[in-house]
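An overview of the molecular structure
One-letter residues, chain by chain:
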Amino acid sequence: MRRLTLFTFFLLILINLPTVAGPLEDGAQAYKVGNYQQALRLWKPLAEQGNADAQYNLGLLYMNGKGVEKNDRQALFYFLDAARQGHAEAQFNAGLLFATGRGITRTDRDAFMWWERAAKQGLIAAKYNLGFMYAYGRGTGVDYEKAISLWNEAADAGYAEAIDALATAYENGWFGLAKDPQKARQWRDKLN
């Protein structure tokens, strides 16, 4: 009985010990409460050591001007560091900056490449954007079948922009689809 009591005592001590989060998590907590300078101080050393999550987070700080002067070029550098390590959200944001020409000369090819990588990892917004690139031949050749397929995947996941794109395509008979008001209505109903 005494062994059980000692075990219970030590278990209670362990349960009540404060958990120590690392700098990445502490930075996230600081960000959550609006202490962007603290988040920057915690994430910067990690980013310099090659931590993809910290690099992505710093990219967000610079892209949104949180705790630092807004600087899309600096944001892009951090996103690219993380994107090259396979960070899907960083790949998406790098594609966004390339597509809009924020921080760098606008280039559809680079936007396409990063969105394609993020889409292959299952990022729904990247699938939608990639579908747009195929639909209009931006950064790649026109491929309506791929565009519709990607929009279907994103729409099936509930992505509103993809649902709207499909509804509009069926309403107007665009991107190789026959005009189909009934299918257009079915997609529109999913937005409600």
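Use the structure listed above.
So, here is what we can say about the structure in this document. (Residues numbered from 1 in each chain as written. Predicted model: local features only at pLDDT ≥ 70, side-chain atom pairs only at ≥ 80, totals over all residues. Heavy atoms only, no water.)

**Description of the pattern of salt bridges**
Definition in use: Counted as salt bridges are all cases of a side-chain nitrogen of Lys or Arg within 4 Å of a carboxyl oxygen of Asp or Glu. The way it works is that DSSP assigns letters per residue, a run of H or I at least four long becomes a helix, a run of E at least two long becomes a strand, and they are numbered from the N terminus. Burial classes: relative accessible area under 20% of the type maximum marks a residue as buried, over 50% as exposed, and values in between as partly exposed (1.4 Å probe, protein chains only).
Evaluation of the coordinates by the stated rule reveals seven salt bridges. Note that Arg188 is salt-bridged to Asp164, the shortest N-O span being 2.3 Å. Pair noted here: Arg188 is in helix H11 (residues 181–191) and Asp164 is in helix H10 (residues 160–172), with a separation of 24 residues, a long-range link. Given the relative accessible area of 35%, Asp164 is considered partly exposed. Sharing partners across several salt bridges, the network here consists of Arg106, Asp108 and Arg138.

**Notes on the packing of aromatic side chains**
Defined as follows: For Phe, Tyr and Trp, where Trp contributes only its six-membered ring, two rings pair if their centres lie within 6.5 Å, and the inter-plane angle classes them as stacked under 30 degrees, edge-to-face over 60, or tilted in between. In this analysis the charged atom, NZ for Lys or CZ for Arg, is taken to sit over a ring once it is within 6 Å of the ring centre and within 35 degrees of the ring normal.
Inspection of the entire model under this criterion finds 13 aromatic pairs. Here the aromatic rings of Tyr56 and Phe79 are separated by 5.8 Å at their centres, their planes lie at 40°, and the arrangement is tilted. Highlighted residues: Tyr56 in helix H4 (residues 52–64) and Phe79 in helix H5 (residues 72–83), separated in sequence by 23 residues. As far as burial versus exposure is concerned, Tyr56 and Phe79 are alike and both buried. Counting every residue linked through ring pairs, the aromatic cluster contains Tyr128, Phe132, Tyr136, Tyr144, Trp151, Tyr159, Trp174 and Phe175. Geometry around Trp114 places Arg117 over its ring, the cationic atom sitting 4.6 Å from the centre. One cation-aromatic arrangement involves Lys190 over Trp187; the distance from NZ or CZ to the ring centre is 4.7 Å.

**Describing the environment of Asn64**
Mapping Asn64 onto the fold places it in helix H4. Its relative accessible area of 39% is what places Asn64 among the partly exposed residues. Placed eleven residues apart in sequence, Asn64 and Ala75 show a C-alpha to C-alpha distance of 8.8 Å.

Geometric values such as these leave the question of function open.
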